[in-house]
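Summary of the model geometry
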Amino acid sequence: MSSIFTISILQSALELGFIYSLVVLALFLSFSILNIADLSTDGCFTLGCAVAASMTLAGHPVLALFCAIGAGVLSGFVTAFLQTRMGVESILAGIIVNTGLYTVNIAVMGFSSNLNLFQCDSIFTMTKDFIEKHCSAGVYQFLVTDGWYRLILVAIIVIAIGILLGAFMSTRLGLSIRATGDNTAMVKASSINPKYTITVGLCVSSALTALSGGILAQYQKSCDINLGTGMVTIALASLIIGETLVGKKTMVRRIVGVIFGSCLYRFIVAVAIRVNVPAECLKLVSALIVAIAIAFPYLKNKAVFAKHRYANIAQRKKGGAC
């Protein structure tokens, strides 16, 4: 058992969990807040990865992430435009954009199915060089030799974005976006344009998704055209896990739950790999995790109902005996 739960497994699971938590935050904004099923997530994630990889190859690792964010905004705008201006249903709009992004992504990658970034600088190598130049030998040993600098870097990025997202959702525009998801008719009656709030919400959501793909490209030093396949399903599972275990009473709690759910999901997958689950079975493991995560709230409510029911039956029997 001790060989399964090692520090290296926890470390890698947290690193990937924080990176993918940006996708979960994006799905939280579109699915939970706006009540829109955005199925363009898979293609948008690969778009961010492709744009960041191409810019990193050109020698601009920091600019690459901002370009990925910009590409994500454009993707979200197209999805929102189809919904709000063209009358296309949200699910169909996501499918259309996701299909079109395949060609866009492979064109961004120079019509190659993968890109190699092993010889390129990234935000991670830049951080490593900074630590080497400005920190003591003991700090260098802990952060670089033991590999903790990657986790600290992605944690700082995600926490900063989580704080910014929480602050944004407390602004007038953020509250309007939240209201749009709750009751569109009420928003219209309040002289708020729901088309505008939906567009802003989907642009922010897609920007987060693309940023996650850009960071992952530099983290694993490669980009593949099929990297985003199944991303919306994984993000949905992480979202439900976080909201179920942490709760969703306040916005801060929901954002923390999203990040926690993503890390927990990645830890479960890492453990499955550690116990030598065959590579061809990992999709099945992921499907089981998703199914359990989605069904858990329902089963939890059924268990609470059954508990109250049996308690009432026992109370009645006790009363009848008296």
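In this report, we go over the structure that sits alongside the text. (Residues numbered from 1 in each chain as written. Predicted model: local features only at pLDDT ≥ 70, side-chain atom pairs only at ≥ 80, totals over all residues. Heavy atoms only, no water.)

**Some details on the overall build of the protein**
Along its length, the protein carries 13 helices and two strands. Dimensions of the protein, computed from the C-alpha atoms along their principal axes, are close to 80 × 55 × 40 Å. Taking the average place of the 23 positive charges on the side chains of the protein and the average place of its 12 negative ones, the gap between the two points comes to 18 Å. (Helix = DSSP H or I, 4+ residues; strand = E, 2+ residues; numbered from the N terminus. Lys, Arg positive; Asp, Glu negative; His and termini not counted. Charge placed at Lys NZ, Arg CZ, Asp CG, Glu CD.)

**Here we look at the nonpolar core**
Within the largest apolar cluster, 48 residues are counted, with the highest numbers of intra-cluster contacts made by Phe 18 and Ile 215. Of all elements in the fold, only α1 (7-33), α3 (61-84), α5 (123-134), α6 (137-145), α7 (148-168), α10 (194-220), α11 (231-246) and α12 (251-274) reach the threshold of two or more residues within this core. When residues of this core are assigned to their parent elements, the largest contribution, twelve residues, is made by α1. In contact with Ile 215, not counting residues within four places along its chain, are Ile 19, Leu 22, Leu 65, Phe 124, Val 154 and Ile 157. (Core = buried A, V, L, I, M, F, W, Y, C linked by side-chain atoms within 4.5 Å. Buried < 20%, exposed > 50% of the residue type's maximum accessible area, 1.4 Å probe, protein only. Contact = heavy atoms within 4.5 Å.)

**Structural notes on the layout of surface pockets**
Reported here for the largest pocket is a volume of approximately 610 Å³. Along its surface, the largest pocket is lined by 23 residues, and Ile 234, Arg 266, Val 269, Lys 283 and Ser 286 are the ones closest to its centre. Among the elements that make up the lining of the largest pocket, the one with the highest residue count is helix α13 (residues 282-321) (six residues). Roughly 240 Å³ of volume is contained in the second largest pocket. (1 Å grid on protein atoms, 1.4 Å probe; cavity = no way out; pocket = protein on both sides within 12 Å on 5 of 7 lines; lining within 4 Å. Points joined across faces, edges and corners; volume = space filled by probe spheres on them.)

**Description of the environment of Lys 318**
Of note, Lys 318 is situated in helix α13. With 236 residues separating them along the chain, Lys 318 and Leu 82 place their C-alpha atoms 62 Å apart.

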